[in-house]
Amino acid sequence: MAAHAAVVSVDVGHGLQDSGALSARGRAEFDFNRDLAVHLAKALRSRELRVREVNFDGQISSLTQRPLAGLGSDLFVSVHHDSIDPEFLLPWTWRGRTATHTVVKRGFGLFVSSRNPDLATSLRCAVLMGRLLRRAGFVPTPWHARKHKAADADNGVWYYDTLLVLGSTTVPAVLLEAGVIRHRDEELQLKNPTRQARMADALASATAACLSVSSR
């Protein structure tokens, strides 16, 4: 790998202390995030990009530490999975226990912050990610229009200025919500390693293309 290759920080959202949302079947979001991040890191390296692994061990508990870990990289990508507000949850029984799920929200979303000092690169990378995810058969959710201003709604890209991990980093940054783990059908898809690898491949292709444009 060339020494001048672009550096991508891949951040696993949440951690061992704060494991994030629970899926419809009770699995922690952090586990979904880490699984996809591992695939993404591999796909990025296969494209001759250098990868900085952030919070793969789940030990980072401070949100301020995540942007610091990305200093000096060419792009910071934070990997998450989505949930939904409690009023949209329905009860169901899973393995003899009462759990909750949703039927009204599924699909991916991508977020950037207008406070980022390099919004142009952040936005370009996010839009390319959304475009290649759609080309690979993934569908963005329109749900985020309820709370966020669209950056490119067709490709699932939204502004989220209050997220510390996006707004406080000094490098281009994108946050991915890969899908809705409270949706029972989508949860099973999101756990599938083949699907994870396919999503990671689309994200890595978009990242490589975006950073290639930036370097020129």
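Check the entry above for the structure.
So, how was this worked out
- All residue numbers here refer to positions counted from 1 along the written sequence of the relevant chain.
- Reporting of local features is limited, given that this is a predicted model, to residues whose pLDDT is at least 70; pairs of side-chain atoms are given and counted only at 80 or more, and all residues count toward the totals for whole chains, interfaces and linings.
- Note: side-chain values were computed over all heavy atoms of the structure, leaving out hydrogens and water.
- A pair of strands is treated as paired once DSSP finds two or more bridges between them.
- Starting at the N terminus, helices and strands are each numbered in turn, a helix being any DSSP run of H or I of at least four residues and a strand any DSSP run of E of at least two.
- Between N-to-C directions, angles cover 0 to 180 degrees, with each direction set by a line fitted to C-alpha atoms, over the stretch in contact for helices.
- Contacts are residue-level and defined by heavy atoms, with any inter-residue pair within 4.5 Å sufficient.
- In what follows, salt bridge is the name for a side-chain nitrogen of Lys or Arg lying within 4 Å of a carboxyl oxygen of Asp or Glu.
- For the exposure calls, accessible area comes from a 1.4 Å probe over protein chains only, and a residue counts as buried if that area is under 20% of its type's maximum, exposed if over 50%, partly exposed in between.

S.K.: Explain the sheet that holds strand β6 (residues 109-112) here, please?
M.R.: Pairing between the strands of a sheet is mediated by backbone hydrogen bonds and can be parallel or antiparallel. Read across the open sheet, the 7 strands follow the order β2-β1-β3-β9-β6-β8-β7; overall the sheet is mixed. Strands at the two margins of the open sheet, each flanked by one partner only, are β2 (50-54) and β7 (150-152). The average angle at which neighbouring strand axes cross in this sheet is 30°, direction not considered. In the sheet, β6 pairs with strand β8 (residues 157-159) via 3 bridges, with the strands oriented parallel. Each residue of the ladder has a partner; that of Leu-110, found in β8, is Val-157. Packing against the sheet, helix α3 (residues 119-135) makes contact with β3 (75-82), β6, β7, β8 and β9 (173-180), and its axis sits at approximately 175° to β6.

S.K.: Explain the pattern of salt bridges to me, please; I cannot follow it from the model alone.
M.R.: Two side chains of opposite charge can pair, provided their charged atoms sit close to one another. Evaluation of the coordinates by the stated rule reveals 8 salt bridges. The residue Glu-187 makes a salt bridge to Arg-25 at a minimum N-O spacing of 2.6 Å. Placement of Glu-187 in helix α5 (residues 184-190) and of Arg-25 in the loop between β1 (7-12) and α1 (29-46) is noted, with a sequence separation of 162 residues between them. Across the pair, Arg-25 and Glu-187 agree in class, each one buried. A salt bridge links Arg-47 to Asp-201; the nearest nitrogen and oxygen atoms lie 2.5 Å apart. In this pair, Arg-47 sits in the loop between α1 and β2 while Asp-201 sits in helix α6 (residues 193-215), placing the two residues 154 residues apart along the sequence. Looking at Arg-47, the relative accessible area reads 25%, which means it is partly exposed.

S.K.: Is there a simple way to think about the pairing of β9 in this case?
M.R.: One face of the sheet, then the other: side chains in a regular strand alternate in exactly this way. In terms of burial, β9 is a largely internal element, 8 of the 8 residues being buried. The pairing of β3 with β9 spans 6 bridges and is classified as parallel. When the sheet's bridge partners are listed, Ser-78 is paired in β9 with Leu-175. Note: β6 against β9, 3 bridges, orientation antiparallel. Considered in β9, the bridge of Gly-109 is made with Glu-177.

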